[in-house]
Amino acid sequence: MTHMHVAGSIHADATSPAPLWLTRPDDVNALTEQLWSKNASRNAEGELEIAGRTAASIVAEAGSPVYVIDEDDFRTRARQWRDAFEGWDVYYAGKSFLCTTVARWIAEEGLGLDVCTGGELAVALRGGVNPARIGLHGNNKSADELRAALHAGVGRIIVDSSNEITRLEQLCAESGTVAEVMIRVTTGVEAHTHEYIATAHEDQKFGFSINGGAALVAMVRSHHSPHLVLKGIHSHIGSQIFDTNGFEVAARRTLKLLAQFREATGVTLPELDLGGGFGISYIKEDTPATPAELADGLRSIVEHECRGFGLAVPRISIEPGRAICGPSGTAIYTVGTVKTVELGGGQSRRYVAVDGGMSDNIRPALYAAEYSAALANRAGDGGPVLSRVVGKHCEGGDILVRDEFLPDDIGPGDLIAVPAAGAYSRSMASNYNHVPRPPVVAVSNGRLSTLLRRETLDDLLALDPGA
């Protein structure tokens with residue numbers, strides 16, 4: 001038996017050549033349009049500009065590293081999803097990125113909001129979201145979280161286990177309230193995504209199994225409960241999904257379940273949530289469908305399956321998160337060190353270390369997520385060099401951008417921008433190695449505003465009461 005380091009897979013392929021999709025660019029300074037927010041471009045001097053502000057001026061005002069949200073891009077994407085799915089309910093998945101200002105933007109653009117914890121619920125309410133347009137998810141909601149949702153009057157609680165049904169019934173009995181609920185089901189769909197972000201196969205923590213019969217039992221139980229109003233069922237097949245193929249199978253199985261429930265109770269439930277997981281472009285090879293394309297495909301699937309089961313089309317809802325905020329965000333870092341590592345066979349890789357890392361974007365280390373990067377404060381004068389952008393943390397797997405061609409004259413003090421950083425970066429950030437989390441700023445028409453301020457060492461020490 002070979003005894004390996006827990007990060008063995010990361011260490012083992014550290015010297016692998018660049019992936020096949022990464023080709024040497026003709027112009028190392030060119031931006032691949034699909035990766036960036038709509039208001040990002042290079043100006044005449046070669047600097048990266050976002051909504052009228054250069055990367056250098058953003059760093060001069062907000063510091064480095066920094067997350068930058070293009071407000072107009074965010075709002076435009078929210079409207080595109082709302083309009084493409086007219087007649088459906090579109091809930092923004094707050095787990096992708098949430099703060100009070102983003103909650104307000106979502107409400108102003110006419111979307112609902114999904115939250116997963118009491119903390120996210122508190123932010124949503126503080127941001128002015130109508131509680132009736134809020135849904136509460138989570139596989140292990142505490143009594144306090146459920147109590148807060150009942151007190152606020154959230155529009156739906158997505159129930160995930162038999163224990164939760166019992167807990168919710170007890171809380172409703174105590175408070176004299178009735179909870180509107182949906183049953184989270186697992187459809188057995190194997191989405192082609194990383195194991196950790198695939199959420200509809202049987203062997204995982206979310207929901208009630210359709211195949212095993214647990215979902216129908218939970219639905220009938222909730223339907224007959226005097227404390228619950230069963231609105232429908234909810235499914236979610238995973239994340240970073242580019243087409244509707246998986247949704248077709250999920251829709252067929254969930255609508256069949258609605259038909260079975262009708263046969264068992266004589267009642268037709270009015271709602272079906274198909275979840276989210278719609279993908280975005282992180283690298284130039286990613287080709288996600290547009291909201292309009294997805295809307296056409298999903299409508300056709302639902303209508304076809306409803307005809308087959310003799311069901312009226314229920315009220316459908318979806319939950320885009322990453323697809324709205326991901327492309328709107330850019331992370332900007334400052335280069336600290338640059339070194340070249342020989343890989344053998346005449347190959348080498350440039351390691352570019354920046355002032356952030358896995359504490360502000362855990363996705364590459366957590367499930368090998370791929371990103372792109374660009375020199376941001378100027379145009380490079382040299383040719384393209386195979387590079388790896390790494391962080392400052394004490395881990396060999398502290399990688400932000402695994403493979404990218406960057407100018408060979410990049411050096412300390414330069415700025416690196418990572419596009420598509422708006423989702424699951426700040427929301428999954430940590431204080432590993434006691435590094436304070438970066439701020440989040442919004443930029444609109446050349447003006448910066450703070451969404452989340454930069455953490456300081458004083459913030460970290462304030463949590464430590466000492467000996």
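In the block above lies the structure referred to throughout.
This write-up is about the structure you can find in this document. This structure is a prediction, so every number in the text was calculated from the model and none was measured.

Once that is clear, we can look at the packing of helix 3 (residues 71-84) against helix 4 (residues 100-108). At a closest axis distance of 10 Å, the pairing of helix 3 and helix 4 adopts a crossing angle of 40°. Here helix 3 lies oblique to helix 4, going by the angle between them. Crossing angle aside, the handedness with which helix 3 passes helix 4 is right-handed. On helix 4, the residues touching Glu 71, Phe 74 and Arg 75 of helix 3 are Val 102, Arg 104, Trp 105, Ile 106 and Glu 108. Classifying every residue of the contact of helix 3 with helix 4 gives four nonpolar, no polar and four charged.

Turning our attention to the pattern of salt bridges. In this structure the tally under the stated criterion is 24 salt bridges. One salt bridge connects Arg 221 with Glu 169, and the closest N-O pair in it is separated by 3.3 Å. Of the two residues, Arg 221 sits in helix 8 (residues 214-224) while Glu 169 sits in helix 7 (residues 162-175), which places them 52 residues apart along the sequence. Arg 221 gets classed as partly exposed once you look at its relative accessible area, which sits at 31%. Of the residues examined, Glu 169 reaches a relative accessible area of 17% and is grouped as buried. Here Lys 231 ties to Glu 271 by a salt bridge, and the two come within 3.5 Å at their closest N and O atoms. Highlighted residues: Lys 231 in strand 11 (residues 228-234) and Glu 271 in strand 12 (residues 271-276), separated in sequence by 40 residues. Salt bridges linked by common partners bring Glu 71, Arg 75, Arg 79, Arg 104, Glu 108 and Glu 109 together as one network.

Bringing the nonpolar core into the picture now. Among the nonpolar cores identified, the biggest contains 101 residues, and Phe 85, Tyr 92 and Leu 168 are the most heavily contacted of them. At eight residues, helix 9 (residues 245-265) tops the list of elements feeding residues into this core. With 20 residues, the next largest nonpolar core counts Leu 35, Ile 50, Val 59 and Val 441 among its residues.

Relative orientation and spacing of two packed helices are given, respectively, by the angle between their axes and the distance between those axes. Here helix 6 (residues 143-152) crosses helix 7 at 50°, and the two axes come no closer than 10 Å. It follows from the interaxial angle that helix 6 and helix 7 lie oblique. When you trace helix 6 past helix 7, the crossing you get is right-handed. In this structure, helix 6 contributes Ala 143, Leu 146, Arg 147 and Leu 150 to the contact, and helix 7 contributes Glu 164, Arg 167, Leu 168, Leu 171, Cys 172 and Glu 174.

This part takes up helix 2 (residues 55-62). For helix 2, the set of buried residues is Ala 55, Ile 58, Val 59 and Ala 62. Around the axis of helix 2, the buried residues are gathered within 95° of arc, so they sit on the same side. Residues Ala 60 and Glu 61 are exposed on helix 2 and point more than 90 degrees away from its buried face. Downstream of helix 2 by one or two residues, Gly 63 has phi in the positive range, about 85°.

Let's shift gears to the pairing of strand 9 (residues 179-186). Two faces make up the sheet, and in a regular strand the side chains alternate between them. The element strand 9 is largely enclosed, with a buried count of seven among its eight residues. Sheet topology places strand 8 (residues 156-159) next to strand 9; three bridges connect them, and they run parallel. Counterpart to Ile 158 in the pairing with strand 9 is Met 182. Taking the sense of rotation as the criterion, the β-α-β connection linking strand 8, helix 7 and strand 9 turns out right-handed. Here strand 9 runs beside strand 11; their pairing, made up of six bridges, is parallel. Across the sheet, the residue bridging to Glu 180 is Val 229, located in strand 11.

Right, let's talk about the sheet that holds strand 1 (residues 40-42) for a bit. Ordered in space as 1-2-3, the three strands form an open sheet in which the pairing is antiparallel. Edge positions in the open sheet fall to strand 1 and strand 3 (53-54), since each of these has one partner strand only. As paired strands, strand 1 and strand 2 (residues 48-50) are joined by three bridges and run antiparallel to one another. Note that in strand 2 the partner of Ser 41 across the bridge is Glu 49.

Before going further, it helps to examine the environment of Ser 41. Mapping Ser 41 onto the fold places it in strand 1. In this structure Ser 41 touches Leu 31, Glu 47, Leu 48 and Glu 49, once residues within four positions along its chain are discounted.

This paragraph deals with the pairing of strand 19 (residues 415-419). The buried fraction of strand 19 is high, at five of five residues. On strand 19, burial covers both faces: Leu 415, Ala 417 and Pro 419 on one face and Ile 416 and Val 418 on the other are all buried. Looking at chain direction, strand 14 (residues 329-344) and strand 19 are connected through five bridges and run antiparallel. Bridging across to strand 19, Tyr 333 finds its partner in Ile 416. With two bridges connecting them, strand 16 (residues 374-375) and strand 19 associate as antiparallel partners. Following the sheet pairing, Leu 375 is matched in strand 19 by Ile 416.

Rules of the game
- Within each chain, residues carry numbers counting from 1 in the order of the written sequence.
- Whole-chain, interface and lining totals are the exception, using all residues; otherwise, since this is a predicted model, local features are given only for residues with pLDDT of at least 70 and side-chain atom pairs are given and counted only at 80 or more.
- Each side-chain value is worked out from all heavy atoms of the structure, with water and hydrogens disregarded.
- Note on geometry: axes are lines fitted to C-alpha atoms, helical ones only across the stretch in contact, with angles between N-to-C directions running from 0 to 180 degrees.
- For helices the rule is a DSSP run of H or I covering at least 4 residues; for strands it is a run of E covering at least 2, with both sets numbered from the N terminus onward.
- For classification purposes, an angle smaller than 35 degrees is called roughly parallel, one larger than 145 roughly antiparallel, one from 65 to 115 roughly perpendicular, and anything else oblique.
- Should the near helix be turned anticlockwise from the far one by less than a right angle, the crossing is left-handed, and should it be turned clockwise, the crossing is right-handed.
- The contact criterion used throughout is that any non-hydrogen atoms of two residues lie within 4.5 Å.
- Each residue receives one of three labels: charged for Asp, Glu, Lys and Arg, nonpolar for Ala, Val, Leu, Ile, Met, Phe, Trp, Tyr, Cys and Pro, and polar for the others, Gly being one of them.
- Any Lys or Arg side-chain nitrogen located within 4 Å of an Asp or Glu carboxyl oxygen qualifies as a salt bridge.
- Throughout, exposure labels follow a simple rule: accessible area from a 1.4 Å probe, protein chains only, divided by the maximum for the residue type, with under 20% read as buried, over 50% as exposed, and the rest as partly exposed.
- Note on terminology: a nonpolar core comprises buried Ala, Val, Leu, Ile, Met, Phe, Trp, Tyr and Cys residues joined through side-chain atoms within 4.5 Å.
- Of all possible arcs, the one meant is that of the directions from the helix axis to the C-beta atoms.
- At least two DSSP bridges between two strands are required for those strands to pair.
- Classification remark: right-handed applies to a crossover when, strands pointing away from the viewer, the course from the first strand over the helix to the second runs clockwise.

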